Amino acid sequence: MTTAESKAPEVEPLRPIRSGRSRNHAEQWSWLFMRGSGVLLLVLIFTHLFINLFSGDGVNQIDFAFVAGKWASPLWQIWDFVMLVLAMIHGGNGMRLLINDYARRTWMRKTLKTLLAVCVTTIVVLGSLVIFTFDPCPLDASGDLLPGVPTFCEDVR
Amino acid sequence: MTATAEAPSKAGEVPSFDVTLRIQRMDPDGTPDHPAGEEYWEEFTLTMHGTDRVLDALHKIKWDVDGSLAFRRSCAHGVCGSDAMRINAKNRLACKTLLKDLNPKRPITIEPIKGLPVEKDLIVDMEPFFASYREIMPFLMTSGPTPERERLQSPEERARFDDTTKCIMCAACTTSCPVFWTDGQYFGPQAIVGAHRFIFDSRDEGEWDRLEILNDKAGVWKCRTAFNCTEACPRGIEVTKAISEVKKALNTGVV
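Draft legend 1. Broad picture of the overall build of chain B. Within chain B one finds nine helices and seven strands. Each principal axis of the C-alpha distribution contributes one length, and for chain B these read about 65 × 40 × 30 Å. Within the span of chain B, comprising 255 residues, buried residues form 46% of the whole. Of the contacts formed within chain B by residues at least 6 apart in sequence, a portion of 64% connects residues at least 24 apart. Carbon and sulfur atoms form 51% of the exposed surface of chain B, whose accessible area is close to 12500 Å². Side-chain charges of chain B comprise 33 positive and 39 negative groups, with the mean position of each set lying 4 Å from the other.

Draft legend 2. How the structure looks around the domain arrangement of chain B. Residue and element names in this part refer to chain B. For chain B, the domain assignment lists domain 1 (2–124) and domain 2 (127–252). Taking only C-alpha atoms, the centre of domain 1 and the centre of domain 2 are 31 Å apart. Opposite the 14 residues of domain 1 that make contact, domain 2 presents 15 residues. Considering only the side of domain 1, the residues that lose the most area to domain 2 are N91, K114 and L116, jointly responsible for 40% of the buried surface there. Inspection of the domain 1/domain 2 interface yields zero salt bridges. Our count for the domain 1 to domain 2 interface comes out at three residue pairs in polar contact (both at pLDDT 80 or more). Secondary-structure elements contributing two or more residues to the side of domain 1 that touches domain 2 are β3 (84–87) and β4 (90–93).

Draft legend 3. Here's a closer look at the state of the cysteines. Residue and element names in this part refer to chain B. Taken as a whole, this structure holds one disulfide over all chains when the rule is applied. In this model C95 remains outside any disulfide bridge; the closest cysteine sulfur is found in C75, 5.7 Å from its own. Exposure remark for C95: the relative accessible area of 7% places this residue in the buried category. As a non-bridged cysteine, C233 has C170 as the owner of its nearest cysteine sulfur, 6.4 Å distant.

Draft legend 4. Seen up close, the interface of chain B and chain A. Each partner contributes to the interface: chain B provides 26 residues, whereas chain A provides 18 residues. When chain B packs against chain A, close to 2100 Å² is buried across both sides, 44% of that on carbon and sulfur atoms. On the surface where chain B and chain A come into contact, there are two salt bridges. Salt-bridge contacts for D101(A) lead to K222(B); the nearest nitrogen and oxygen are separated by 3.1 Å.

Draft legend 5. Fine view of the packing of aromatic side chains. With the rule as written, the count across this model stands at seven aromatic pairs over all chains. Ring geometry for W71(A) against F134(A): centres 5.3 Å apart, planes inclined by 75°, an arrangement best described as edge-to-face. Taken as a pair, W71(A) in helix α3 (residues 64–71) and F134(A) in the loop between α5 (106–133) and α6 (152–156) lie far apart in primary sequence, 63 residues in all. Of the residues examined, W71(A) reaches a relative accessible area of 18% and is grouped as buried. Connected via pairs of aromatic rings, a cluster forms that spans F64(A), W71(A) and F134(A). The ring of W76(A) has K70(A) lying over it, and the distance from NZ or CZ to the ring centre is 4.3 Å. The ring of F198(B) has R197(B) sitting right over it, with the charged end atom 4.4 Å from the ring centre.

Draft legend 6. Focus on the confidence of the model for chain A. All names here are of chain A. For chain A, the mean per-residue pLDDT works out to 85, and 84% of the residues sit at or above 70. When pLDDT is averaged over each helix and strand of chain A, the minimum, 56, is found for helix α1 (residues 3–6) and the maximum, 96, for α5. For the stretch residues 15–22, pLDDT sits under 50, and the model shows 25 contacts to residues farther than four places along the chain or on other chains.

Draft legend 7. Examining the pattern of salt bridges more closely. Residue and element names in this part refer to chain B. Evaluation of the coordinates by the stated rule reveals 20 salt bridges over all chains. Among the salt bridges present, the one from E43 reaches R22, with a minimum N-O distance of 3.3 Å. Of the two residues, E43 sits in strand β2 (residues 39–49) while R22 sits in strand β1 (residues 16–26), which places them 21 residues apart along the sequence. Among the residues examined, R22 registers a relative accessible area of 27% and is labelled partly exposed. Between R86 and E111 there is a salt bridge, and its shortest N-O distance comes to 3.5 Å. On the criterion of sequence distance, the pair formed by R86 in strand β3 and E111 in strand β5 (residues 108–111) is long-range, its members being 25 residues apart. Across this residue pair, the class does not change: R86 and E111 are buried.

Procedures and definitions
- Residues numbered from 1 in each chain as written.
- Chains lettered and ligands numbered in written order.
- Predicted model: local features only at pLDDT ≥ 70, side-chain atom pairs only at ≥ 80, totals over all residues.
- Heavy atoms only, no water.
- Helix = DSSP H or I, 4+ residues; strand = E, 2+ residues; numbered from the N terminus.
- Buried < 20%, exposed > 50% of the residue type's maximum accessible area, 1.4 Å probe, protein only.
- Contact = heavy atoms within 4.5 Å.
- Areas by Shrake-Rupley, 256 points an atom, 1.4 Å probe, with all protein chains shown as cover.
- Lys, Arg positive; Asp, Glu negative; His and termini not counted.
- Charge placed at Lys NZ, Arg CZ, Asp CG, Glu CD.
- Domains from an automatic or database assignment.
- Buried area = accessible area lost by both parts, 1.4 Å probe.
- Salt bridge = Lys/Arg side-chain N within 4 Å of Asp/Glu carboxyl O.
- Polar contact = N/O pair within 3.5 Å; in protein donor to acceptor, adjacent residues only side chain to side chain.
- Disulfide = S-S within 2.5 Å.
- Phe/Tyr/Trp six-rings, centres within 6.5 Å; stacked < 30°, edge-to-face > 60°.
- Lys NZ or Arg CZ within 6 Å of the ring centre and 35° of its normal.
- pLDDT = per-residue confidence, 0-100.

Okay, structure coming up:
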């Protein structure tokens, strides 16, 4: 046996194929968040649907006054706020995973993720603004009710 | 195989039937009818027996009909894992799939496993698959001096990772995974099965090195529990369960 034959076959050096390491267990937190928020959203959404569509007069009760009545209570303000934030982040994170899977070019991934972040932030900000600044009976400068407000405002004042 | 084929066949011994195989083909050098690299379907109609497997039909084509058909096979008995292919839209080993179980009345489609680059006909480039496996360091990692005798392990400790020792690296699971199909970044089920085999081995001390690798962006968190891998595994490994055990170890910190 010659020396050339007894040589071990050359092994190609390992080449990294991954796209890069994630920072600080980010993907793990994302996974845990999806599980936690998913369970919480089930409770929040189904209670929301039950209160709005089944209890009381059912679906016929929903009008401006019903919404105004709900948002007069801090419980429903917080409830709807949590539902809004969790649903947007849960859905947004799901969309992020889809973008990671299917957008192959870096610029496309970045563009889509930026768009997604803008959408999620806008909807959360607008939604919370409505929940917390909602006033069913706005007054004008002199302290009188503005024209066109619902009739129940006369009783509330 | 050859001996029985040459022997005079007695009528009614094993029922025979005509079966059509619809094979996805690709020649990197091109053929007179098809330009280089084009994927096309070709049908072969054969007379086979009730005891024949898909691999026997492929052999018959290669040996008697069209010698240019390319596919991998080594042991031909379900041990080496060379002949994983997509048969009737499901990943299986050609050597473990009987033709009569596939409804031979209709054409049987055979494609290369998905998600890896096709080299020719049913042969794919397995390198990305092996690269993932290498990355999880599939070897015993220990510290301290090597013991003079074997490293002892109780039957319970052995049972902890018994399921994942059955892997033959045929790539049926990884190439059935919809997440692996999307961008090829994901380690794939097989690499996680390979890591599971060492992570839960009481003799191995490299579990946190491997868990750290699988905590990667393209690691276990990409698994969406589609269960395609568990369904595809010709060895019956509960692949999705193994992946979930790795997730649990990462979340609880307990191996």
